[in-house]
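Structural overview
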Amino acid sequence: MLTPQGLKGKQYRVTGNAYPRLGRPPRKSRKVISGLASLLALALIGLGGVQLYDIFSGKNKNSSAQACVTPSGKPLAAPSPGATPGAPTGSGAPAAPGDPHAIPQPAGVTVNVYNATAKGGLAGRTAEELKKRGFTIGKVGNAPAELDKKVPGTAQVIAGPAGAGAATLLGSQIAGATTTADARTDGTVDFVVGDSYNALLDETQAAAALALATKPSPTPTATGSC
């Protein structure tokens, strides 16, 4: 029987290679455990540092181009522009009273057709085409002296503040027309035929040109929080 040191006087029988160990774990094991604990601590410190950097640098903030998200997780739908009273829909819609920018029906637009070229008969033929499209025809004849032979493009559309929507509608009937404003107080519009004029756009092309001219501007993306 042996009484090893550290066993407080207790006797144990030693058989084979077995020997009771009641002391501290070997020094090598303590080093391994300590090393693993240090690596884990360093990893946690590094992860926390990355998160703090992202917070202070703003990387976790949503960009202005990202959609706001509802509690259900679906992006909020972009608000559709409200219908403008008197805006064109298909074959057109009646203008809202008092709104000079609303697009009227062709029958509500009185057009004066003038020929600013040396080619005879253009004003009359153009007036007939516009009449077929529903426009109300006013004066027809040669352009006044200040415009005669001075319209190099296809046509010049002239209206006052009250005829802004009518001028947009009329200008969509021909490619390359320029629109200018004068001081008239009524809603009449002048259609002055220029040197490059050949013919009006067909009605399908005119409708497409009108849709493009009245297309709402894109809504600016909000940069603030949702």
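To keep things clear, this report deals only with the structure shown in the data block. Computed from a prediction, not measured in an experiment: that's the story for all the values here. (Residues numbered from 1 in each chain as written. Predicted model: local features only at pLDDT ≥ 70, side-chain atom pairs only at ≥ 80, totals over all residues. Heavy atoms only, no water.)

So, about the sheet that holds strand β4 (residues 178-181). Taken in spatial order, the five strands line up as β2-β1-β5-β3-β4 in an open sheet, and their pairing is mixed. Pairing within the sheet leaves two strands with one partner each, and these edge strands are β2 (136-142) and β4. Sheet twist, expressed as the mean angle between neighbouring strand axes with direction ignored, is 20°. Sheet topology places strand β3 (residues 155-159) next to β4; four bridges connect them, and they run parallel. Note on β4: the bridge partner recorded for Ile-158 is Thr-180. (Pairing = 2+ DSSP bridges. Helix = DSSP H or I, 4+ residues; strand = E, 2+ residues; numbered from the N terminus. Axes fitted to C-alpha atoms, helices over the stretch in contact; angles between N-to-C directions.)

With that out of the way, let us pick up unusual backbone geometry. Here Lys-149, not a glycine, exhibits a phi torsion of approximately 60°, which is positive. Here Lys-149 shows up in the loop between β2 and β3.

Structurally, the position occupied by Asn-115 is in strand β1 (residues 110-115). What Asn-115 contacts, discounting residues up to four positions off in sequence, is Gly-120, Gly-121, Leu-122, Ala-123, Gly-141, Asn-142, Ala-143, Asp-148 and Val-193. (Contact = heavy atoms within 4.5 Å.)

We now examine the nonpolar core. Ranked by internal contacts, the top residues of the largest apolar core, which has 23 residues, are Val-111, Val-113, Leu-130, Leu-170, Val-189 and Phe-191. For this core, the elements supplying multiple residues, two or more each, are β1, α2 (122-132), β3, α3 (164-171) and β5 (189-193). Beyond its immediate stretch of four places on either side in the chain, Val-189 contacts Val-109, Thr-110, Val-111, Asn-112, Val-157, Ile-158, Ala-159, Gly-163, Ala-166, Ala-167, Leu-170 and Arg-184. (Core = buried A, V, L, I, M, F, W, Y, C linked by side-chain atoms within 4.5 Å. Buried < 20%, exposed > 50% of the residue type's maximum accessible area, 1.4 Å probe, protein only.)

By secondary structure assignment, the location of Ser-172 is in the loop between α3 and β4. With relative accessibility at 5%, the residue Ser-172 sits in the buried group. In this structure the side chain of Ser-172 is engaged in a polar contact, spanning 2.6 Å, whose partner is the backbone oxygen of Leu-169. Non-local contacts of Ser-172, meaning those with residues more than four positions away in its chain, are made with Leu-201, Ala-206, Ala-209 and Leu-210. (Polar contact = N/O pair within 3.5 Å; in protein donor to acceptor, adjacent residues only side chain to side chain.)

Just geometry here; none of it tells us what the structure is for.
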